[in-house]
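Next come the chains, spelled out residue by residue.
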Amino acid sequence: MNKVVANADEAIKDIQDGMTLMLGGFGLSGIPENCIAALVRKGVKNLTCISNNAGVDDFGIGLMLQGRQVKKMISSYVGENAEFERQMLSGELEVDLIPQGTLATRCMMSGYGIPAFFTPAGVGTEIANGKEVRVFDGKEYLMEHAFESDFAIVKAWKGDHSGNLIYRGTSRNFNPLMAMAGKITIAEVEELVSVGELDPNQIHTPGVYVQRVFKGVNYEKRIEQRTVRKK
Amino acid sequence: MGLTKEQIAHRIAKELKDGYYVNLGIGIPTLVANYIPKGMNVVLQSENGLLGMGPFPFDDEVDADIINAGKQTITTLPGSAFFDSAMSFGMIRSQKINLTVLGAMEVADNGDIANWKIPGKMVKGMGGAMDLVAAAKNIIVAMMHTNAKGESKLLKKCTLPLTGIRCVRKIVSDIAVLDVTPQGFRLLERAPGITVEEIQAKTEGRLVVEGEIPEIRFN
């Protein structure tokens, strides 16, 4: 099965105003740089974006915020971004903050076909407001729902023409979880190979979850906190 | 005077045990890694998907695909493992992680913690903190005992939005080491030169003082 598309612009061509998108990455690590650039070029607006973070002012999802393309952001941590903060405090941007493990599992459960689950994260806090609480073995848990998204956009290290994906290092993070959760999943990869070239034992995301794959170009892989030790 | 941030981290490192899997939060908790006793086998978890976090890389080893939860470049160690974010919090919620060290803006004497939001001022998000505090077996908080105005951050009841309830086990502040007990904060140790009276004055929550309170020792 060939799922290869030419580039990011083709991969995202049917993303429309008002859609819900998942975008992989933790901080700036493992973000789909090519597709974010294409979404900025296309100028789609009123997007709901599910992503652990919101980039920095001039990179990642920060670029989409600059163009006021995002109506609502669903994230666990949104520091490091002054424009984000300004739009949030002025009410231009709707923000739903949810615990990181809950965010990850809400994506995963969508791909597992499980509509809801119970987690202890947030019990007794303001994020428990309006949520069903159940007691198991004497401990309280909140019911959380699986996420739905029109498109999931992920970044992998290697992929083959049928959409099998392998990630590298901690740039894996939310990518395999979101890959499972899109009605349509787009994967951009650093290395695109023919079917049969990847070892089936090493596949993180089986191609069944991926509808479109393309070889990304010009990865910047910006580092937020370059921290080194001296020799 | 009280302890420096490094000394707080050094004191917390005394709580480590051989074979522990540990999650260290951002800030003072990160410094605990510098004081793991030689020869002790402790595996550090970074919740963005790594077990076996190594030291910062040398300049020519920097790899954008290998970072910690504070988004700093790091290295792996022999035996390290990468995984996705759902599994990462899976091992936290299922209590495979033995110890979590994190910072706090406020802690209450029943173990409630607030560290993610100041309404109207700072709203950066909870990141993984709510998952960590809801499930960790053993939570140690590294914090300053008072705020910039000199007001206690160890309270009867938190004033800021909560991160988790009844979860903190131990606090190492710049002036004291305390356990959280059903009777309130139990004073265990005091920083060199700090009196019990001073700790009492700077602790708004219930404070239990029994017998002689020794000074913190680092070795």
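Residues numbered from 1 in each chain as written. Chains lettered and ligands numbered in written order. Predicted model: local features only at pLDDT ≥ 70, side-chain atom pairs only at ≥ 80, totals over all residues. Heavy atoms only, no water.

S.K.: So what about the overall build of chain A? Which residues, and what values?
M.R.: When its secondary structure is counted, chain A shows 6 helices and 11 strands. Taking the principal axes of the C-alpha coordinates as reference, chain A spans close to 50 × 50 × 40 Å. Counting only contacts in chain A whose residues sit at least 6 apart along the sequence, the fraction spanning at least 24 positions is 71%. Surface accessibility of chain A: about 9,600 Å² in total, with carbon and sulfur atoms responsible for 48%. Seen as two clouds, the 26 positive and the 28 negative side-chain charges of chain A have centres 4 Å apart. (Helix = DSSP H or I, 4+ residues; strand = E, 2+ residues; numbered from the N terminus. Contact = heavy atoms within 4.5 Å. Areas by Shrake-Rupley, 256 points an atom, 1.4 Å probe, with all protein chains shown as cover. Lys, Arg positive; Asp, Glu negative; His and termini not counted. Charge placed at Lys NZ, Arg CZ, Asp CG, Glu CD.)

S.K.: Residues and numbers for the interface of chain B and chain A, please.
M.R.: Contacts between the two partners involve 48 residues from chain B and, on the opposite side, 50 residues from chain A. Contact between chain B and chain A buries roughly 4,100 Å² in total, counting both sides, with carbon and sulfur atoms accounting for 58%. Taken together, chain B and chain A are joined by 6 salt bridges. The salt bridge partner of K221 of chain A is D65 of chain B, with a shortest N-O separation of 2.8 Å. (Buried area = accessible area lost by both parts, 1.4 Å probe. Salt bridge = Lys/Arg side-chain N within 4 Å of Asp/Glu carboxyl O.)

S.K.: Outline the sheet that holds strand 11 (residues 154-155) of chain B, supporting the account with residue identities and numerical values.
M.R.: What the 3 strands build is an open sheet, ordered 7-6-11 (chain B); its pairing is mixed. The open sheet has two edge strands with one neighbour each: strand 7 (113-114) and strand 11 of chain B. (Pairing = 2+ DSSP bridges.)

S.K.: Describe the side chain of Q69 of chain A, with residues and values.
M.R.: All names here are of chain A. Following the sequence through the fold, Q69 ends up in the loop between helix 3 (61-66) and strand 3 (70-75). Given the relative accessible area of 3%, Q69 is considered buried. The residues contacting Q69, other than those within four sequence positions of it, are L39, V40, G43, V44, K45, N46, L47, L63 and M64. (Buried < 20%, exposed > 50% of the residue type's maximum accessible area, 1.4 Å probe, protein only.)

S.K.: Tell me about the packing of aromatic side chains, and name the residues and values.
M.R.: All names here are of chain A. For the structure shown, the criterion picks out 2 aromatic pairs over all chains. Where F118 meets F136, the ring centres are 5.3 Å apart and the plane angle is 65 degrees; that geometry is what we call edge-to-face. Placement of the pair is F118 in strand 5 (residues 116-119) and F136 in strand 6 (residues 133-136), with a sequence separation of 18 residues. Given a relative accessible area of 28%, F118 falls into the partly exposed group. Residue classification places F136 among the partly exposed residues on the basis of a relative accessible area of 34%. (Phe/Tyr/Trp six-rings, centres within 6.5 Å; stacked < 30°, edge-to-face > 60°.)

S.K.: I'd like a description of the sheet that holds strand 7 (residues 139-145) of chain A, backed by residues and values.
M.R.: Sheet strands associate in pairs through backbone hydrogen bonding, adopting either a parallel or an antiparallel arrangement. Residues and elements named next belong to chain A. Strand order in the open sheet formed by 3 strands is 5-7-6, with antiparallel pairing between adjacent strands. A single partner strand is all that each edge strand has here, and the edge strands are strand 5 and strand 6. Mean inter-strand twist for the sheet, computed between neighbouring axes without regard to direction, equals 40 degrees. The strands touched by helix 5 (residues 100-112) within the sheet are strand 5 and strand 7, with strand 5 carrying the most contacts at an inclination of about 155 degrees. (Axes fitted to C-alpha atoms, helices over the stretch in contact; angles between N-to-C directions.)

S.K.: I'd like a description of unusual backbone geometry, backed by residues and values.
M.R.: Residue and element names in this part refer to chain A. A positive phi is found at N218, a non-glycine position, where the angle reads about 50 degrees. Counting through the fold element by element, N218 comes out in the segment after strand 11 (212-215). One non-glycine residue with positive phi stands out, namely K221, at about 45 degrees. Note on K221: relative accessible area 23%, which makes it partly exposed.

S.K.: Before we move on, could you go through the side chain of N164 of chain A and cite the residues and values that matter?
M.R.: Residue and element names in this part refer to chain A. With respect to the helices and strands, the residue N164 is situated in the loop between strand 8 (149-160) and strand 9 (165-166). Only 3.0 Å separates the side chain of N164 from the side chain of D160, close enough to count as a polar contact. In this structure the side chain of N164 is engaged in a polar contact, spanning 2.8 Å, whose partner is the backbone nitrogen of G207. When residues no more than four places from it in sequence are discounted, the contact partners of N164 are K158, G159, L198, I203, T205, P206 and G207. (Polar contact = N/O pair within 3.5 Å; in protein donor to acceptor, adjacent residues only side chain to side chain.)

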